[in-house]
Amino acid sequence: MRTDRLLSVRNLKTYFLADEGVTKAVDGVSFDVSAGRTLGIVGESGCGKSVTALSILRIVDDPGRIVDGEILLTKNDGTPVDLVTQRPNGKFMRSVRGGEIGLVFQEPMTSFSPVHTIGNQLTEAIRLHERLNKAEARERAADLLTMVGIPRPAATLDQYSWELSGGLRQRAMIAHALAPDPRLLIADEPTTALDVTTQAQILDLMMSLQEERSMAIMLITHDLGVIAETADDVVVMYLGREVEQGSVENIFYDPQHPYTRALLRSIPALDAAPKAKLPAITGSVPHPFDRPSGCSFHPRCSEAIEGLCDIEEPETWRPAEGREVVCHLFGDREMAVSIEGRRS
Amino acid sequence: MTGPGGGASPTSDHGSSNILEVRNLKKHFPIRVGFANRVKGHVRAVDGISFDVRQGETLALVGESGSGKTTAVRCLVRALDPTAGEIRFHTETGKWIDLSDLSRRELRPLRPQMQMVFQDPRSSLNPRMTVLDIIGEPLLLNGMNNRNDRIDRVEELLRLVRLRPEYMRRFPHAFSGGQRQRIGIARALALNPRLVIADEPVSALDVSVQAQTLNLLLELQEELGLTYIFVAHDLSVVKHISDRVAVMYVGKIVEIGERDQVFFNPKHPYTAALLNAVPRTDPRASRTRIPLRGEVADPADPPSGCYFHPRCAYAIERCGTETPVAEVVDGERRVECLRVAELELPGVTTG
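These numbers were taken from a predicted model, which means no experiment stands behind them. (Residues numbered from 1 in each chain as written. Chains lettered and ligands numbered in written order. Predicted model: local features only at pLDDT ≥ 70, side-chain atom pairs only at ≥ 80, totals over all residues. Heavy atoms only, no water.)

K.L.:
Describe the domain arrangement of chain B, with residues and values.
P.N.:
Residues and elements named next belong to chain B. When cut into domains, chain B gives domain 1 (18-242) and domain 2 (268-335). Each of domain 1 and domain 2 has a C-alpha centre, and the two are 28 Å apart. Here domain 1 packs against domain 2, burying approximately 960 Å² in sum over the two surfaces, 54% of which is carbon and sulfur. Three residues, R44, E64 and L235, lead the burial of domain 1 against domain 2; their summed loss comes to 48% of the area buried on that side. Taken together, the links from domain 1 to domain 2 amount to two salt bridges. R54 is paired through a salt bridge with E332; the nearest N and O atoms lie 2.5 Å apart. (Domains from an automatic or database assignment. Buried area = accessible area lost by both parts, 1.4 Å probe. Salt bridge = Lys/Arg side-chain N within 4 Å of Asp/Glu carboxyl O.)

Here's what the structure looks like:
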């Protein structure tokens, strides 16, 4: 299943080197994205999920820098290229952005230009990667809009982004990202600004497009419900680091890291008992600038072991292919069992 | 404390268990065009809604963006002046007062009883004021002139929302999103309100912090006997916190009833579609989607008949021409749908 590997991120570290100190926004993240599959990256604000996406596309703003790691993109002919070694604005990266990899942002309102029509921006994207004349490009653009389910494509081409509703704008954004027929679509909170009903439509659209084109999707979100509905594999991040990784079934039915478990417990489920006290996680996400020592989750973790979790950084445990847990408790099963025993 | 002649209205059929009775509330915004500001039409943001709020309960107002939830609650606290309708408030002294046409001066003595919590704790707290001044301001405005008294009260309020009183001289930026929302809650509680209107109080927060805030709101309700009107778009949050739910669509309440009835056995196709669209945190959950076509109708130019009919999977010809009226089903539930008697709609399924 994992043979068709398209993108492989290895130990990626993206730091923001500001005058007042170093913010380790992404601090050692590894995962693979395969063709035809959806990788969900989930975490709360400040966990580095967006910076990971920006790093892959090499569009991290100053003073952010990729300080370590590899981002291996498998080219069409099967050879891998490390995107970290490429110049961010070089010819190759420009052909990757909006070529091999399409990007859908959270806020389609700010990612479209308000002074150019949708058609203008779509044909520009098409003609950057393909030699077509204006009329042909316009035709392609109309086809794309039809494909994403926009009811009157010809009329929409002549509209501005602010004339469209949120749902239509996000559809146009997806059309824009799909214009050069990318093999990987990175969607950063694509439905967060939308209503649930529109969200369901957009997610359905992305899933059906993926099936048609056997495209890989990297879906970044804070919403565990969206992950459960769309992802095949999941990476859970906390403060710039991966805490757990596995198939969607692993994460939802057999979560191992205390953070994942707490996160799943703290959402009020539609079928749960009403007004019951929610098992909340104490405290709030610290700023990545002052990351706690040891395991960064230990101050909020109900199972933290004093003298271990607050001092030593946990190792990554790999109990099975594609499954990773970064936690002291998991590493030493026996210790975990004895702690359970003491507590009960 | 009394309103003008027509302000006080007699107690309604439900007796004194209601704290608020809204009748046919409307808010239309004029659309003005051109140099002369000619009125071209109206945006019917809230278009004739009626509901009761019972003492001690949580009534949730749900709906997509543009459905008029926020406009409705802004009318209730008279941050906006309603176009028509009655807002009957049951005061502490047992009187019924219609808030809809009171002047600002007449409203002032009533304001402490009704307070608001806002969505974005980043923009609803003044960054140049300390927490003490933010929470103390309503106290000062209502006659607590002694600074030491105010400090004592703010200390008490901070403890109430589980924040450390030592932090009262800090500015909002020193707090996390969840803590800031607690400051907003403390400010709303400063004057011992009876009715708290919370407009999307947890939607700007992280999942883990959202749970803490919901727990706090539920605990405060029990401790202080508060009544909540809770505006939200997240149905799992609404399910968790509410007693009754009102579903709004393009300025109208299409369904209102007990939470469990609305969630497990919805009677309006829009409610069913809304519930159906909520992503579930269970990857194996299989379900059939109720397709919801198109987009929310334009409140400036709503469709004929039932506003929902162009998107409704169950619409028949009649729906495009006849305007549905509210029908009472199973006791106290009100539904505005022409086919309410014949439709079997899927709700939330457990297990």
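K.L.:
Can you explain the domain arrangement of chain A? Please cite residues and give values.
P.N.:
Size of an interface: often given as the accessible area lost when the parts come together. Residues and elements named next belong to chain A. In terms of domains, chain A is made up of domain 1 (1-100 + 182-198 + 206-269 + 276-282) and domain 2 (112-181). Averaged C-alpha coordinates put domain 1 and domain 2 at centres separated by 26 Å. Facing 15 residues of domain 1, the contacting portion of domain 2 comprises 11 residues. Both faces considered, domain 1 and domain 2 share a buried interface measuring about 1,000 Å² in area, 67% of it formed by carbon and sulfur atoms. Considering only the surface of domain 1 that becomes buried against domain 2, P182, L209 and R213 emerge as the three largest contributors, covering 44% of it. Our count for the domain 1 to domain 2 interface comes out at one salt bridge. R213 is the salt-bridge partner of D181, the closest N and O atoms lying 2.8 Å from each other. In this structure, the connection of domain 1 to domain 2 is made through two residue pairs in polar contact (both at pLDDT 80 or more). Contributing elements (two or more residues each) for the side of domain 1 that touches domain 2: α2 (91-96) and α8 (196-213). The greatest single-element share of the side of domain 1 that touches domain 2, amounting to four residues, is contributed by α8. Here the side of domain 1 that touches domain 2 is built from residues that sort into seven nonpolar, four polar and four charged. (Contact = heavy atoms within 4.5 Å. Polar contact = N/O pair within 3.5 Å; in protein donor to acceptor, adjacent residues only side chain to side chain. Helix = DSSP H or I, 4+ residues; strand = E, 2+ residues; numbered from the N terminus. Nonpolar A, V, L, I, M, F, W, Y, C, P; charged D, E, K, R; others polar.)

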